[in-house]
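# Geometric and topological summary
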Amino acid sequence: MPKLEKIWLIIGSGSLVLFLLITGVMAVSMGLNPPDGMQTTVEPDKVEEQAPFDNPGLEKIGPNEYKATILSFVFGYDPHTITIPKGSTVHFEITSKDVVHGFHIPGTPTNLMLTPGHVSEYTQTFNEPGEFLFLCHEYCGIGHEVMYGTIIVEDT
Ligand code: CUA
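Computed from a prediction, not measured in an experiment: that's the story for all the values here.

What the rule picks out here adds up to four salt bridges. Between K97 and E48 there is a salt bridge whose closest N-O contact spans 3.0 Å. Here E48 lies in the loop between helix 1 (3-28) and strand 1 (57-62) and K97 lies in the loop between strand 5 (88-96) and strand 6 (101-104), a separation of 49 residues in the sequence. Using a relative accessible area of 30% as the deciding quantity, one classes K97 as partly exposed. The partner of E93 in a salt bridge is K67, with the nearest N and O atoms 3.7 Å apart. One end of the pair, E93, is in strand 5; the other, K67, is in strand 2 (residues 65-73), with 26 residues separating them in the sequence. Here E93 falls in the buried class, since its relative accessible area comes to 13%. Note on K67: relative accessible area 26%, which makes it partly exposed.

Listed below in structure tokens is the structure:
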């Protein structure tokens, strides 16, 4: 076997072993978890019968504070539109009843992956009035690009 070929074989198999080792160490000793904010688990088949996802929507929980319970599905969100006054802090809790979806509000740090069986949570304050899109940024099928909703922040 030519010397160069041998060297490349060693580099190739060496990096394969290294990558498997990194993945293995992260999964076993560092407790590799699903993406951030996915502590609570639910049963995706029965999620619509379980609180709070049996009644998704916006709930006022304090002065300028809301809880938004959102159920995502192919290809949309329930509720589709959320209206809040300017300066509101919204605690999002979102899950998926079918496949992996995303929840991203462009221009804000809100960027969640919605995995069936998990509840993703994030808190965002809306200080600027206007209309914000939220959209699915995880490819989920034929209707992926029409999967979006709107947050209307009213000037008070
Ligand atoms: Cu849901 Cu892409």
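Among the surface-exposed residues, L18, F19, L21, I22, V25, M26 and M30 lie close enough to one another that they form a single nonpolar patch of about 690 Å² accessible area. Relative to the elements of secondary structure, M30 occurs in the loop between helix 1 and strand 1. For M30, a relative accessible area of 58% gives the class exposed.

Across five bridges, strand 1 lies against strand 2 in antiparallel orientation. Paired with G62 across the strands is E65, a residue of strand 2. Where strand 1 folds back on strand 2, the antiparallel hairpin that results is connected by two residues, among which N64 adopts a positive phi of roughly 60 degrees. Two strands pair when backbone bridges link them, and strand 2 and strand 5 are joined in this way by eight bridges, in the parallel orientation. Paired with K67 across the strands is H91, a residue of strand 5. Where strand 2 lies against strand 3 (residues 76-78), three bridges are found, and the strand directions are antiparallel. Residue pairing for strand 3: F73 is matched across the bridge by G76. If you look at the hairpin formed by strand 2 and strand 3, you'll find two residues sitting between the two strands.

Moving on to the side chain of T89. Within the element layout of this structure, T89 appears in strand 5. A distance of 2.9 Å separates a polar atom in the side chain of T89 from a polar atom in the side chain of T125. Leave out the neighbours within four places in its chain, and T89 touches N64, E65, Y66, T123, Q124 and T125.

What follows covers the packing of aromatic side chains. Scanning the model with the defined rule gives six aromatic pairs in all. Taking 4.9 Å as the distance between ring centres and 80 degrees as the angle between the ring planes, the aromatic pair formed by Y77 and F134 counts as edge-to-face. Here Y77, found in strand 3, pairs with F134, found in strand 9 (residues 130-135); they are 57 residues apart in sequence, far enough to count as distant. For Y77, a relative accessible area of 4% gives the class buried. The exposure class of F134 is buried, given its relative accessible area of 0%. Note on F126 and F132: the rings are 5.6 Å apart at their centroids and 65 degrees apart in plane angle, and the pair reads as edge-to-face. F126 sits in the buried class, given a relative accessible area of 2%. Among the aromatic side chains, those forming a connected cluster through ring pairs are Y77, F92, F103, F126, F132 and F134. Over the aromatic face of F73 sits the side chain of K97, whose NZ or CZ is 5.2 Å from the ring centroid.

Reading the values: rules and limits
Residues numbered from 1 in each chain as written. Predicted model: local features only at pLDDT ≥ 70, side-chain atom pairs only at ≥ 80, totals over all residues. Heavy atoms only, no water. Salt bridge = Lys/Arg side-chain N within 4 Å of Asp/Glu carboxyl O. Helix = DSSP H or I, 4+ residues; strand = E, 2+ residues; numbered from the N terminus. Buried < 20%, exposed > 50% of the residue type's maximum accessible area, 1.4 Å probe, protein only. Patch = residues over 30% accessible without salt bridge, like charges linked within 9 Å, V, L, I, M, F, W, Y side chains within 5 Å. Areas by Shrake-Rupley, 256 points an atom, 1.4 Å probe, with all protein chains shown as cover. Pairing = 2+ DSSP bridges. Polar contact = N/O pair within 3.5 Å; in protein donor to acceptor, adjacent residues only side chain to side chain. Contact = heavy atoms within 4.5 Å. Phe/Tyr/Trp six-rings, centres within 6.5 Å; stacked < 30°, edge-to-face > 60°. Lys NZ or Arg CZ within 6 Å of the ring centre and 35° of its normal.

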